[in-house]
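Read off the chains here:
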Amino acid sequence: MPEPERYQEFCTNYINFWSKMEVGEDFLRTIECPVLLIAGDEDDHAPLVTMVEAERYIPNARLCIVPKAWHTAFLDNFDVSWTAINQFLQTDLSGLTGSKKVNYNRK
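Residues numbered from 1 in each chain as written. Predicted model: local features only at pLDDT ≥ 70, side-chain atom pairs only at ≥ 80, totals over all residues. Heavy atoms only, no water.

Right, let's talk about the overall build of the chain for a bit. A count of helices and strands for the chain gives five helices and two strands. When its helices and strands are written in sequence order, the chain yields α-α-β-α-β-α-α. Split into buried and exposed, the 107 residues of the chain put 22% on the buried side. Pairs at least 24 apart in sequence give 69% of the contacts found in the chain among residues at least 6 apart. If you sum the accessible surface of the chain, you get close to 8600 Å²; carbon and sulfur atoms cover 57% of it. (Helix = DSSP H or I, 4+ residues; strand = E, 2+ residues; numbered from the N terminus. Buried < 20%, exposed > 50% of the residue type's maximum accessible area, 1.4 Å probe, protein only. Contact = heavy atoms within 4.5 Å. Areas by Shrake-Rupley, 256 points an atom, 1.4 Å probe, with all protein chains shown as cover.)

Once that is clear, we can look at helix α5 (residues 78–90). Between its first and last C-alpha, α5 extends 18 Å over 13 residues, near the 18 Å set by a 1.5 Å rise per residue. By the burial criterion, the buried members of α5 are Ser81, Ala84, Ile85 and Phe88. When α5 is viewed along its axis, its buried side chains cluster within an angular range of 95° and face the same direction. When the buried face of α5 is taken as reference, the exposed residues oriented beyond 90 degrees from it are Asp79, Thr83, Gln87 and Gln90. The inward-facing, buried residues of α5 contact β1 (35–40), β2 (61–66) and α4 (73–76). (Expected span 1.5 Å × (residues − 1). Arc of directions from axis to C-beta.)

Turning to the environment of leucine 48, a few remarks are in order. Counting through the fold element by element, leucine 48 comes out in helix α3 (residues 48–57). Classification of leucine 48 by relative accessible area gives partly exposed; the value is 29%. Placed 17 residues apart in sequence, leucine 48 and isoleucine 65 show a C-alpha to C-alpha distance of 8.0 Å. If we skip the residues at most four places from it in the chain, leucine 48 touches Ala39, Gly40, Asp41 and Ile65.

Now for the pairing of β2. Pairing of β1 with β2, which is carried by six bridges, proceeds in the parallel orientation. The residue of β2 that forms the bridge with leucine 37 is leucine 63. Read from β1 through α3 to β2, the crossover connection turns out right-handed. (Pairing = 2+ DSSP bridges. Right-handed = clockwise from strand over helix to strand, strands pointing away.)

Attention shifts here to the nonpolar core. Of all hydrophobic cores here, the largest spans 11 residues; its members are Leu28, Ile31, Val35, Leu37, Ala39, Ala46, Met51, Ala54, Tyr57, Ile58 and Ala61. Contributions of two or more residues to this core are made by β1 and α3. Contacts of methionine 51, omitting those with residues within four sequence positions, involve Leu37, Ile38, Ala39, Ala46 and Leu63. Counting residues in each nonpolar core, the second largest holds five residues, with Val66, Ala69, Ala73 and Ala84 among its members. (Core = buried A, V, L, I, M, F, W, Y, C linked by side-chain atoms within 4.5 Å.)

Now the structure itself:
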């Protein structure tokens, strides 16, 4: 049975957990399966710079930046997100030759 009087405690613990969560380069480099990263161009929880770095570190990653979307890119711009997912799932990635990954400008 839910405990409404503990809702604030739940929210505080939830926020504390996620705000201290760190996934770094060492972990990301261990991911071997193909990964599609979807990022909203207006996302302030997973900013584009973070997603570009993640894509660089994950060996078989592809990145889709969804326009006019926040952290909920799939809901904010369903058509673009779904098209990217479909293409990712239907493409034999083993036959693709990626372009040279270019370092983005760091400030």
